[in-house]
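# Residue-level structure breakdown
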Amino acid sequence: MTEKCDIIVVGGGHAGIEATLAAARLGKKVTLFTMNIDCIAMMSCNPAMGGPGKSNLMAETDILGGEIAKHTDEHNLQIKNLNTTKGVSSKVLRAQADKHHYRMKMREKLESFSNITIRQEIVSELILENSTIMGVKTEIFNSYFALATILATGTFLKGKVIIGDFSYSAGRQGENSAEELSNSLREHGLEVFRFQTATPPRISKNSIDFSKVEEMFGEDMPNYFSVRTKKDENLNLPTWLTHTTIETIEMVKKNLPHSPIVKGTIETHGPRHCPSIDRKVINFPEKIKHQIFLEQESLESSEIYVNGFTTSMPAFAQEEILKTIPGLEKVEIMRYGYAIEYDYVNPHQLKHSLETKVIENLFLAGQINGTSGYEEAAAQGLIAGINASKKISGQEPLILSRSNSYIGILIDDILTKKMIEPYRVLPSRSDFRLSLRQDNAWRRLLEKSREAGVLDREVLEYLSVLDKQINEEVKRIEEAFIYPTKEVNKTLENMEEVGIKKRISVADLLRRESMNYSKIEPFFEIKEFEKKEIEQIEIEVKYRHFIAKEREQIIKIKEHEAFLIPSEINYDKVNGLSNIARENLKDVKPENIEQVFNILGVSIHDINILILYIKELKKGRLI
Ligand SMILES: Cc1cc2nc3c(=O)[nH]c(=O)nc-3n(C[C@H](O)[C@H](O)[C@H](O)COP(=O)(O)OP(=O)(O)OC[C@H]3O[C@@H](n4cnc5c(N)ncnc54)[C@H](O)[C@@H]3O)c2cc1C
């Protein structure tokens, strides 16, 4: 059997789906390969979407025409506003998606495209001609040909599941691994390494004593991830909070000799941002109370995800430890927690378009590039789908930069920086946190979306009109003034606002913490706008100076790139560095500040602290 299409996508996970949909929306004929059609869009770990950094990625993927944000808005059990009391750059959303609805509805979406063919076959080999990919072979000896191919194979390449001393080949629990494809990648010049990740046990809802746990809800009227979502109501099912006790910690300590991390069964690096319960007790043996969130996975099941309890300890240990947690005394485990080791490709062999440098027309996206997370995978899938389509149409690739998006940061980081663990997007990776917010993703990437060509033209035009209106209104507010007349001060007094002694701009008034757009009405003719327009007008006016200051600070710090770091520096003595920055600095031992910019996990804040410390150190030496 041989077949020809425009683009082959290997992988029906979050990267593969976005790649497939983007290419199909750009008019390409796509064949999507997956190991199990029923597991398309499966969430291997917690069915949670969003959070810091990831929310921003979702909003960016959305405006570029991706599906993840809209689909999460449609198929979730709860959406929560996070960091509501913090600064505007920290305000993000987090959703508990409905694992089964998400998966089934995504499959339906893919099947609704007449130019997408879905095949349940295991791809085993690349077909190349003169270092250009021509297609793929599958384990059942079928050959498929295409102008470009995208690999989005997740944790499936030579995947090995580990629970205590027991291990077996699997792409994730309950699914086969792909044993041959990475050999083919190696043969054709791609460097293949191994990473590891892990997941907690799932327990039966019926076995929880809800009188001992705290019920927590999301928002009744939430904001949404997608700028296109229009929904009047949203489910708001609870999650539950409990915590570890002294008995839990003692039980973990008792069982540590069985932990694959301690025994050395797992030697590969896993994500430090998501430590296992074993790792938490090893690193912080004195800490007793770790939060444990019990989260429902779907309306269609009674499985509860035990968030905060990632482990690959043996089954008996998982059970013993869980029973020490309030509310879980009679716990019934439905699926045990486990770790998985898998092959990934060195992302330094990619171009910013996500095409490989060594094989023409071969693109990689998602966990295969050493990243971790659904949102990270989806963002890369979208970019790979767009760029594979553009490449075969003879067009320039869509490249995002560090200063316009978290997607740009993600791709630049994995291409250029040393990765010692699966990569996850974090706000600290951005130099421009105030500019790269979730709420303004649709505005900052409007032009890029036009260039990408995936999003409906009508939607783009509509958003462009809103964007123009926002800019005009901000200008009008900046250029209007109020004067210290009696009436003005009386009105301010009635509003419990401090009066004015001299002329001020309406923008200055709006910048007051207690003010908002509707409150400036007595002094300024306000207009009727949509909720998202008002939000943008207010943020733009209130934060304009801070955003400018942020940019200035970066320029200042960049001037220190040639600044030498004394070789005898002791990073443990540099107060204020984040733990991850400290560890990575110790590991890499940079010689100057320019090299520090290339170390993952070191934020602009850390670099600032480091420069000040070195300056002090040098002054001290001179004395
Ligand atoms: C145990 C576990 C724990 C995790 N923990 C976390 C966590 O704590 N935090 C976090 O952010 N993320 C975690 N993840 C990762 C998260 O699930 C992934 O980052 C995300 O799903 C990656 O998306 P993807 O599209 O790259 O790959 P996946 O979602 O893994 O999808 C891969 C797809 O490729 C298909 N495939 C693979 N090889 C072939 C082949 N040769 N032929 C045909 N089809 C193929 C598979 O069938 C599947 O459809 C975890 C994953 C696992 C398995």
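Residues numbered from 1 in each chain as written. Predicted model: local features only at pLDDT ≥ 70, side-chain atom pairs only at ≥ 80, totals over all residues. Heavy atoms only, no water.

## Notes on the domain arrangement of the chain
Let me state the cut-off plainly: The split into domains, and so the bounds of each, comes from an automatic or database assignment of domains.
Split into domains, the chain comes out as domain 1 (1–455), domain 2 (457–546) and domain 3 (563–619). For domain 2 versus domain 3, the distance between C-alpha centres works out to 42 Å.

## Comments concerning the environment of K105
Quick note on the threshold: The secondary structure listing takes helices from DSSP runs of H or I that are at least 4 residues long and strands from runs of E that are at least 2 residues long, numbered from the N terminus. Classification of residues uses two cut-offs on accessible area relative to the type maximum, computed with a 1.4 Å probe and protein chains only: under 20% is buried, over 50% is exposed, and between them is partly exposed. Residues count as neighbours in contact if any of their non-hydrogen atoms are within 4.5 Å of one another.
Position of K105 relative to the elements: it lies in helix α4 (residues 99–111). The exposure class of K105 is partly exposed, given its relative accessible area of 36%. In sequence terms K105 and H71 are 34 residues apart; their C-alpha atoms lie 8.3 Å from each other. Filtering out sequence-adjacent residues up to four positions away, K105 remains in contact with H71 and H75.

## Here's the deal with the sheet that holds strand β12 (residues 192–199)
Formally: Each pair of strands is called paired provided DSSP finds at least two bridges between the two strands. Interaxial angle, 0 to 180 degrees, is taken between N-to-C directions of lines fitted to C-alpha atoms, where a helix line uses only the stretch in contact.
Across the sheet, four strands lie side by side as β11-β10-β19-β12; this open sheet has antiparallel pairing. At either margin of the open sheet sits one strand with a lone partner, and together these are β11 (166–169) and β12. Pairwise comparison of adjacent strand axes, ignoring direction, gives a mean angle of 20° for this sheet. Sheet topology places strand β10 (residues 160–163) next to β11; four bridges connect them, and they run antiparallel. Each residue of the ladder has a partner; that of I163, found in β11, is F166.

## Section: the pattern of salt bridges
This is how the line gets drawn: By convention in these notes, a salt bridge is any Lys or Arg side-chain nitrogen within 4 Å of a carboxyl oxygen on Asp or Glu.
Per the counting criterion, the structure on display carries 47 salt bridges. Taking the shortest distance from any N to any O, the salt bridge between R444 and E60 comes out at 2.7 Å. Of this pair, R444 sits in helix α12 (residues 441–444) while E60 sits in helix α2 (residues 54–63), and the two are 384 residues apart along the sequence. Look at E60 and you get buried, because its relative accessible area is 0%. In this structure, R544 and E540 form a salt bridge, with 3.7 Å as the shortest nitrogen-oxygen distance. With R544 and E540 both in helix α17 (residues 531–558) and four residues apart, this pair spans about one turn of that helix. Here the salt bridges share partners, and the residues they tie into one network are R443, D467, E478, D508, R511, E540 and R544.

## A short note on the nonpolar core
Test applied: The term nonpolar core refers to a set of buried residues drawn from Ala, Val, Leu, Ile, Met, Phe, Trp, Tyr and Cys, joined through side-chain atoms within 4.5 Å.
Ranked by internal contacts, the top residues of the largest apolar core, which has 142 residues, are L126, L151, L185, I477, I520, I593 and L610. Take this core: its biggest share by element is nine residues, from helix α10 (residues 374–392). Residues within four places of L151 in sequence aside, it is in contact with V10, L126, L181, L185, L362, F363, L364, A365 and I368.

## A look at the packing of aromatic side chains
The condition is simple: Centres within 6.5 Å make a pair out of two Phe, Tyr or Trp rings, where for Trp the six-membered ring is used; the pair is then stacked when the planes are under 30 degrees apart, edge-to-face when over 60, and tilted otherwise.
For the structure on display, the rule yields seven aromatic pairs. Consider the rings of F166 and Y168, whose centres lie 5.4 Å apart with planes at 35°: the pair is tilted. Residue classification places Y168 among the partly exposed residues on the basis of a relative accessible area of 27%. Ring geometry for F195 versus Y344: centroids 4.1 Å apart, planes at 10°, classification stacked.

## Some thoughts on the site of the ligand
Stated formally: Proximity is defined per residue: if any heavy atom of the residue lies within 4 Å of a molecule or strand, that residue is considered near it. In the analysis that follows, any N or O atom pair within 3.5 Å is treated as a polar contact, provided that within protein one partner can donate a hydrogen and the other can accept it, and provided that, for residues neighboring in sequence, both atoms belong to side chains. Methods summary: accessible areas were calculated by the Shrake-Rupley approach with a probe of 1.4 Å, and residue burial reflects only the protein chains presented. Residues were grouped as follows: Ala, Val, Leu, Ile, Met, Phe, Trp, Tyr, Cys and Pro as nonpolar; Asp, Glu, Lys and Arg as charged; and all remaining residues, including Gly, as polar.
Taken together, 35 residues lie around the ligand, and A15, M35, V123, Q367 and G373 are the ones closest in. A distance of 2.9 Å separates a nitrogen atom of the ligand from a polar backbone atom of V123. The fraction of the free accessible surface of the ligand (990 Å²) that becomes covered by protein chains is 97%. Mapped by element, the contributors of at least two residues to the shell around the ligand are α1 (14–25), β2 (30–34), β12, β19 (338–345) and α10. The residue makeup of the shell around the ligand, split by class, is 17 nonpolar, 15 polar and three charged.

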